[in-house]
Amino acid sequence: MKILDDLLESDIEYLREKLSKDPSPDNYRFNKLRTFNYNGGSVVEGSYTDPLLVSYYMLKYATFYSLEYYIIYDLLLRIFKKINNDAIPNVISFGSGSMIDGLSLDYAFNRIFTEDDNRIYKYFGTDLYKWPRWGDLKLWKTDISNKHGGHGIFKAAFRVSMDDFWRESELYDAEVYNTNIIFFPKMLSENIDNKGVDGRTVIDRTCEEIKDNARRFESKYIFICASYRGYSTHDYDKKLLEKIIAAFGKYYEWNHQFNEQMFEMVKSEWIGNEFFDNNNGTFSSVKDIDKADYYLGGRFHDFQMSKQLRDFLYVSDAEIRTYCEKRSYTRCEFCRQCHFKPRLKLQYNANAYSEGDKTCFSIIVLRKKGESR
């Protein structure tokens, strides 16, 4: 996607400028990249506020995550369109950070809803941090919404926790109770079940807010969607997701049979059908996308990694390695494990010494009690 490629090219220029400024034998900026990771939610201090780390993170993951979120939204919006008649998709994304999932929503929306449909979507992103270089709402409004004739309405609230957002949503001009899609893009592992000073966790306080106000939701259906960090964290994250689903329980029901019927209705149309297995609303990858799908004319051509990004980060003699003063040591542990390599596949092997991981997400359709389809 050109929008994404342009943003990532800007990140390449930023890293190139910063990394080349330090001529010392031990490039401290480079070593920042060597020593941090987002593995399983274990985020080092400053990971989401340091422009250097955020740019590096986006170069590694943005292309793949935007594709994954597109596959998710393609399924979600196809079900939405079948059962919601003239309703518009109204999304709140928790832990949206870079708002990449909003880009994928826009991409999917413009392929499912035609001009004749005359429908728009609304997207509200919220995050505990304002990501440098990516959390610029003006940029998204200009490059996405206006570019497609105003089909998307983008809003955001940063530096606010999930529980505070629910409690103070009016302050952010958020139409919380008109929401019909709640999305968690890879944020469930990120310490939301750590106890605060009052002895309660963020997830518990959030669920209390939902429980107290679930009756105020207007939509007949609410879609709860979570993209997991990987299959390894799936069980832990799913329990947190089930807490949120349970908080709606007095007014909305989760019926497994109904969910399966919804999926079967659109299964043949879904662009990710051949790549994922469905188990009660949880989808895990069973095969990788073929390389031909990324070539010109392929189904996922728009998500092909740009040549600039490949040359900077991915190929064996990638430019970023030239900033490492230890690069002459071929047995360097860091380079051997290829921590710089971007994630490219649904079925992922970090290196030859680890077990593979799967791309995994859940889509749960809640139906208001007392309502028939």
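A few points on the structure. Throughout, residues of each chain are indexed from 1 in the direction in which the sequence is written. For this predicted model, a pLDDT threshold of at least 70 governs which residues receive local features, and a threshold of 80 or more governs which side-chain atom pairs are given and counted, while totals over whole chains, interfaces and linings are taken from all residues. Side-chain numbers here rest on the full set of heavy atoms in the structure, without hydrogens or water.

Some words on the packing of helix α3 (residues 51-83) against helix α9 (residues 256-266)
- Relative to each other, α3 and α9 sit at 100°, their axes nearing to 9 Å. Viewed along their axes, α3 and α9 adopt a mutual orientation that is roughly perpendicular. Facing α3, whose interface residues are Leu-75, Arg-78, Ile-79, Lys-82 and Ile-83, α9 presents Met-262, Phe-263, Met-265 and Val-266.
- Note on residue classes: Ala, Val, Leu, Ile, Met, Phe, Trp, Tyr, Cys and Pro are nonpolar, Asp, Glu, Lys and Arg are charged, and everything else, Gly too, is polar. Class assignment for the residues of the contact of α3 with α9 results in 7 nonpolar, no polar and 2 charged. In this description, a line fitted to the C-alpha atoms serves as the axis of each element, helices being fitted only across the stretch in contact, and the angle between N-to-C directions of two axes falls anywhere from 0 to 180 degrees. Under the DSSP-based scheme used, a helix requires at least four consecutive residues in state H or I and a strand at least two consecutive residues in state E, with every element numbered from the N terminus. Note that the term roughly parallel is reserved for angles under 35 degrees, roughly antiparallel for angles over 145, roughly perpendicular for angles of 65 to 115, and oblique for everything else. Whether two residues touch is decided by their heavy atoms; if any such pair falls within 4.5 Å, the residues are in contact.

Details of the packing of α3 against helix α4 (residues 100-112)
- Packing of α3 against α4 leaves a shortest axis separation of 7 Å and a crossing angle of 45°. With respect to α4, the axis of α3 lies oblique. Both α3 and α4 take part in a crossing whose hand is right-handed. Here Met-58, Ala-62, Tyr-65, Ser-66, Tyr-69, Tyr-70, Tyr-73, Asp-74, Leu-77, Arg-78 and Lys-81 of α3 come into contact with α4, specifically with Ile-100, Asp-101, Ser-104, Leu-105, Tyr-107, Ala-108, Phe-109, Arg-111 and Ile-112.
- Considered class by class, the residues forming the contact of α3 with α4 number 13 nonpolar, 2 polar and 5 charged. Helix crossings get a hand from a simple test, with the near helix turned counterclockwise from the far one by less than a right angle marking a left-handed crossing and a clockwise turn marking a right-handed one.

Quick word on the pairing of strand β4 (residues 181-185)
- For β4, the buried fraction is high: 5 of the 5 residues fall into the buried class.
- The classification of residues rests on relative accessible area computed with a 1.4 Å probe and restricted to protein chains. Under 20% of the type maximum is buried, over 50% is exposed, and intermediate values are partly exposed. Here β4 shows a buried face lined by Ile-181, Phe-183 and Pro-185 and a second buried face lined by Ile-182 and Phe-184.
- Strand pairing is assigned whenever DSSP identifies at least 2 bridges connecting the two strands. Looking at chain direction, β4 and strand β5 (residues 221-227) are connected through 5 bridges and run parallel. In the sheet register, Phe-183 faces β5, and the bridge partner there is Cys-225.

Some points on the pattern of salt bridges
- The salt bridge criterion pairs a side-chain nitrogen of Lys or Arg with a carboxyl oxygen of Asp or Glu, the two atoms within 4 Å. As enumerated under the stated definition, the model contains 18 salt bridges in all.
- With a shortest N-O distance of 3.1 Å, Glu-175 and Lys-122 are connected by a salt bridge. Of this pair, Glu-175 sits in the loop between α6 (162-167) and β4 while Lys-122 is found in strand β2 (residues 121-127), placing the two residues 53 residues apart along the sequence.
- Residues Asp-293 and Arg-299 are paired through a salt bridge, measuring 2.9 Å at the closest nitrogen-oxygen approach.

Notes on the nonpolar core
- By nonpolar core is meant a set of buried Ala, Val, Leu, Ile, Met, Phe, Trp, Tyr and Cys residues that side-chain atoms within 4.5 Å join together. If you look at the biggest cluster of nonpolar residues, it comprises 78 residues, and the most contacted ones within it are Phe-223 and Phe-300.
- Among the elements that line this core, the one with the most residues is α3, at 23 residues.
- With residues near it in sequence (within four places) discarded, Phe-300 still touches Leu-67, Tyr-70, Ile-71, Ile-271, Phe-275, Ile-289, Asp-293 and Tyr-294.
- Phe-124, Ala-157, Ala-174 and Ile-224 belong to the second-largest nonpolar core, a separate cluster that totals 35 residues.

Here's the deal with the packing of aromatic side chains
- The criterion for an aromatic pair is that two Phe, Tyr or Trp rings (for Trp, the six-membered ring) have centres within 6.5 Å, with stacked assigned to planes under 30 degrees apart, edge-to-face to planes over 60 apart and tilted to the rest. The final tally for this structure, using the stated rule, is 33 aromatic pairs.
- Relative to Tyr-65, the ring of Phe-64 has its centre 6.0 Å away and its plane inclined at 55°; by these criteria the two rings are tilted. Neither residue differs from the other here; Phe-64 and Tyr-65 are each classed as buried.
- Aromatic pair Trp-270 and Phe-276: ring centres 5.8 Å apart, planes at 35°, arrangement tilted. Phe-276 matches Trp-270 in its accessibility class, with the two residues each being buried.
- The structure contains a cluster of three or more aromatic residues connected by ring pairs, namely Phe-94, Phe-124, Phe-165, Trp-166, Tyr-177, Phe-184, Phe-217, Phe-248 and Tyr-252.
- Seen from the ring of Tyr-107, Arg-111 lies directly overhead, with NZ or CZ sitting 3.4 Å from the centre.
- Over the face of the ring belonging to Phe-258 we find Arg-367, whose NZ or CZ atom lies 4.2 Å from the ring centre. Placement of a positive charge over a ring is assigned whenever Lys NZ or Arg CZ falls within 6 Å of the ring centre and within 35 degrees of the normal to the ring plane.

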